[in-house]
Amino acid sequence: MNEKLIEKKLREKIKELGGRAEKFIPTYFVGAPDRIVLMPGGRVYWVETKSTGDKLRSIQQTRKRQLEKLGFKCYKVDSKQALDRFIEEVKKDVD
Ligand SMILES: [Mg+2]
């Protein structure tokens, strides 16, 4: 599955859950994940979308580690299965 389609499905599914998956275009925070997912109750998730099989670049791995160290949840979503897993995690946090 290509990245554009994954991003589209991510946006749709998060919207269904009452949240927003906004494109994050950093001016200085190079390598930041593509999307910041904002959910009711102030929950925040960072998502790097990739076409199936593509790996995180080195700077993207670094940003993921930095964000996780601050306590944020970061995900790489590169397939329908990975998207479904991410959505399940988001749903779990609501309960
Ligand atoms: Mg990407």
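Residues numbered from 1 in each chain as written. Predicted model: local features only at pLDDT ≥ 70, side-chain atom pairs only at ≥ 80, totals over all residues. Heavy atoms only, no water.

Colleague: It is not clear to me how the sheet that holds strand β2 (residues 35-39) should be interpreted in this structure. Could you clarify?
Modeller: Adjacent strands of a sheet pair through backbone hydrogen bonds, lying either parallel or antiparallel. With mixed pairing, 4 strands are arranged side by side in an open sheet as β1-β2-β3-β4. Of all the strands in the sheet, the pair left with one neighbour each is β1 (20-23) and β4 (73-77). For this sheet, the mean inter-axis angle between neighbouring strands, taken without regard to orientation, is 25°. Note that β1 and β2 share 4 bridges and pair antiparallel. Bridge pairing in β2 places Ala21 opposite Val37. (Pairing = 2+ DSSP bridges. Helix = DSSP H or I, 4+ residues; strand = E, 2+ residues; numbered from the N terminus. Axes fitted to C-alpha atoms, helices over the stretch in contact; angles between N-to-C directions.)

Colleague: So what exactly am I meant to see when it comes to the coordination of the magnesium ion here?
Modeller: Six octahedral donors around a metal ideally sit at 90 or 180 degrees from one another, while four tetrahedral donors ideally sit at 109.5 degrees. Listed as protein donors to the magnesium ion are Glu3 (OE), Asp34 (OD), Glu48 (OE) and Thr49 (O); their distances from the metal cover 2.1 to 2.3 Å. With a relative accessible area of 6%, Glu48 lands in the buried category. (Donors = N, O, S within 2.8 Å, 3.2 Å for Na, K, Ca; no water. Buried < 20%, exposed > 50% of the residue type's maximum accessible area, 1.4 Å probe, protein only.)

So yeah, pure geometry; function would need other evidence.
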